[in-house]
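Observations on chain architecture
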Amino acid sequence: VMIVLALLVASAFAVDVPTVTLYNTAEKDMTMPAIGLGTGGYSNDPKVGYGNYPECWSQPGGCGDFVYKAVSDWFQVGGRRLDCANSYQNQEIVGKAMSDSSVDRKDIFLLSKVGPSQPLGYQDALDQFEKIKSDMGVTYVDLLLIHWPFQNPSQGNVSHNHTGSQDPACNMTAPTFNGKQCRINTWKALVEIYNRGEARAIGVSNWNISCFEELREAGLPTPSLTQNPYHSYRSSSQQDLIDYCRQHNITFLGYSPLGIPDWHAFPAPLSKSPLVDPVVVNIAYNHDCTPAQVLIAWQWQQGIPVNPRTQNKAHMVDNLNSYGITLTSDEMKQLSSLTQDTCAMDPKFYECAK
């Protein structure tokens, strides 16, 4: 009986997640799972309880147990990619969940990021990467990103908010500050880490076309990937960047693929969340699936990998099983034609389209 139950549980969690191939600054023939688990939340209040909104992912805030359980559950149901960052304030507990799991390190795709709450700069990026390895108990990461094209001291680890960069070009309060040179110097650090074999691939996040052109004009290697917001209210407004990425073999990874339902409510005329948009809900009904699965399937049919954040084990299973859903061309068009969230209508949301 126990054997039968074990087989039933295993089959319930069996998933066949597709992969994307990374190019440019990535190991030859390197692939990445199309879906990962986001680990950066917006609450520091453990009283909300595990899995409740807004989800708490902050280890200093007292939610380390939540993070450990979520990562452990993710591995148990078949997830293998983790989306991490030094500014998420939880990498030590993510690393512990990794080491305590029965999943081999080689089978885990670990993505992390330097900045933005900590300074950018050549030596700063090298130092942050050493701490990432130390905190997580790893000798390498699979993909290392520059989190933002500039430092944003108001985010992440408050204890580091006022730390100045060691790089004169990146010291935002000094007359030597030069945003372009700062990005170039920081990217050179990631290239060094990549050349040492301590990051199997390197990339960026929240960059625009002009930032990529800075690297190209400096004669530096092209990033393998960029991670930018992408969901039904932030899709057509990203098309120019996506076209550029495809032209240069840069993988476009969409974050906030479901919006941020536990933290941000979109303004009218949009629905408060893409998950309750009538178009999304109707398509989900037609396919006998969840709205989240519709959004993930829609993004994958465009070749866009994602990393939805959740502490709900059932939602993890649903998300992983989104890849058997095929939307019609009309449904794809409906989703891609939804009104976009602009900064004019949603000025305080950092993901809005300018």
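Check the entry above for the structure.
Notes on the structure follow. (Residues numbered from 1 in each chain as written. Predicted model: local features only at pLDDT ≥ 70, side-chain atom pairs only at ≥ 80, totals over all residues. Heavy atoms only, no water.)

1. Regarding the sheet that holds strand β4 (residues 81-83)
- Strand order across the open sheet formed by seven strands is β3-β4-β5-β6-β7-β8-β9, with parallel pairing between neighbours. Looking at strand neighbours, the two that pair on one side only are β3 (36-38) and β9 (251-255), the edges of this open sheet. The mean inter-strand angle of the sheet, taken between neighbouring strand axes irrespective of direction, is 25 degrees.
- Sheet analysis places strand β5 (residues 109-114) next to strand β6 (residues 143-146), joined by four bridges and oriented parallel. Looking at β6, one finds that Lys113 is bridged to Leu145. (Pairing = 2+ DSSP bridges. Helix = DSSP H or I, 4+ residues; strand = E, 2+ residues; numbered from the N terminus. Axes fitted to C-alpha atoms, helices over the stretch in contact; angles between N-to-C directions.)

2. Digging into the nonpolar core
- In this structure, Leu82, Met98, Leu144, Trp187 and Leu327 are the most contacted members of the largest nonpolar core, which totals 74 residues.
- When residues of this core are assigned to their parent elements, the largest contribution, seven residues, is made by helix α5 (residues 179-195).
- Beyond its immediate stretch of four places on either side in the chain, Leu144 contacts Ser112, Lys113, Val114, Phe129, Ile132, Leu190, Ile193, Ala199, Ala201, Ile202 and Gly203.
- Counting twelve residues, the second largest nonpolar core, distinct from the first, contains Val20, Leu22, Met32 and Leu111. (Core = buried A, V, L, I, M, F, W, Y, C linked by side-chain atoms within 4.5 Å. Buried < 20%, exposed > 50% of the residue type's maximum accessible area, 1.4 Å probe, protein only. Contact = heavy atoms within 4.5 Å.)

3. So, helix α3 (residues 91-100)
- Those residues of α3 that fall on the buried side of the exposure criterion are Gln91, Ile93, Val94, Gly95, Ala97 and Met98.
- Buried positions along α3 lie against α2 (59-76), β4, β5 and α4 (122-136).

4. Considerations on the layout of surface pockets
- Of the voids in this model, the largest pocket is the one considered here, and its volume is about 1000 Å³.
- As for the largest pocket, its lining consists of 47 residues, and the residues nearest its centre are Gly40, Gly41, Tyr42, Arg309 and Tyr350.
- Among the elements that line the lining of the largest pocket, the one with the most residues is helix α10 (residues 313-320), at three residues.
- Considered class by class, the residues forming the lining of the largest pocket number 16 nonpolar, 24 polar and seven charged.
- In this structure, the second largest pocket encloses a volume near 480 Å³.
- Taken together, 20 residues form the lining of the second largest pocket, with Asn206, Asn208, Arg234, Gln238 and Lys354 sitting closest to its centre.
- The set of elements that each furnish at least two residues to the lining of the second largest pocket consists of α6 (209-217), β8 (225-229) and α7 (239-247).
- Residue composition of the lining of the second largest pocket, by class: eleven nonpolar, five polar and four charged. (1 Å grid on protein atoms, 1.4 Å probe; cavity = no way out; pocket = protein on both sides within 12 Å on 5 of 7 lines; lining within 4 Å. Points joined across faces, edges and corners; volume = space filled by probe spheres on them. Nonpolar A, V, L, I, M, F, W, Y, C, P; charged D, E, K, R; others polar.)

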